Amino acid sequence: MNDRPEKILLSASGPKTTRSYLTLLQEMQPGEIITCESERESWKTLEYGTFSMVLIISPLKDGDGFDLARQASQSSAGVLFVTSQERYDAAALCSAIFR
C-alpha cells in the first residue's frame, strides 16, 4: 500500500472545464491538485514537481497539449489526455507528414 498522498497536475484552459474536472478529481480525495491553464505553465510545474497523474484537457491557452503529454510521459506519472476526435485526427495527420 502506498502511504504517499496522490499529487495530480490538471492542465485545462477554461475556468468551467477546470471546475468540472476539479470536482471529479476531488471525489478521489487526492492529496493535492495543482491546476495550470497553459502548456508553458504546466511544463514548468512538471519540471519542478513529482506527480502521480497528469490530466491534460486539450486545447490549452498556448497549444494543443501534445508536447506536454509527451513530456509528462517521460516522468513516473500516469498521463490522461482528453481532446476532441477532430483535434486528434489533425495531430495524427501532421505527425505522419513530418516524420
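The structure contained in this document is the topic of the report that follows.

The rules we used
- Residues numbered from 1 in each chain as written.
- Predicted model: local features only at pLDDT ≥ 70, side-chain atom pairs only at ≥ 80, totals over all residues.
- Heavy atoms only, no water.
- Pairing = 2+ DSSP bridges.
- Helix = DSSP H or I, 4+ residues; strand = E, 2+ residues; numbered from the N terminus.
- Core = buried A, V, L, I, M, F, W, Y, C linked by side-chain atoms within 4.5 Å.
- Buried < 20%, exposed > 50% of the residue type's maximum accessible area, 1.4 Å probe, protein only.
- Contact = heavy atoms within 4.5 Å.

**Digging into the pairing of strand β2 (residues 32-36)**
Inference 1: In terms of strand pairing, strand β1 (residues 7-11) meets β2 through five bridges, oriented parallel. Within the sheet, the bridge partner assigned to Ile-8 lies in β2 and is Ile-33.

**Re unusual backbone geometry**
Inference 1: Following Ser-58, the chain continues to Pro-59 via a peptide bond in cis, the omega torsion being 5 degrees.
Inference 2: With respect to the secondary-structure elements, Pro-59 resides in the loop between β3 (53-57) and α3 (66-73).

**Section: the nonpolar core**
Inference 1: The biggest cluster of nonpolar side chains holds eleven residues, and these are Leu-9, Cys-36, Leu-46, Phe-51, Val-54, Ile-56, Leu-60, Leu-68, Ala-69, Ala-72 and Ala-77.
Inference 2: Put simply, the parts of the chain that give this core at least two residues each are β3 and α3.
Inference 3: Sorting elements by how many residues they give to this core places α3 first, with three residues.
Inference 4: Once residues within four sequence positions are removed from consideration, Cys-36 is found in contact with Leu-9, Leu-10, Ser-11, Ala-12, Glu-41, Ser-42 and Thr-45.
Inference 5: The next biggest cluster of nonpolar side chains, apart from the first, holds eight residues, and it includes Ile-8, Ile-33, Met-53 and Leu-55.

Worth remembering: the numbers are spatial, not functional.
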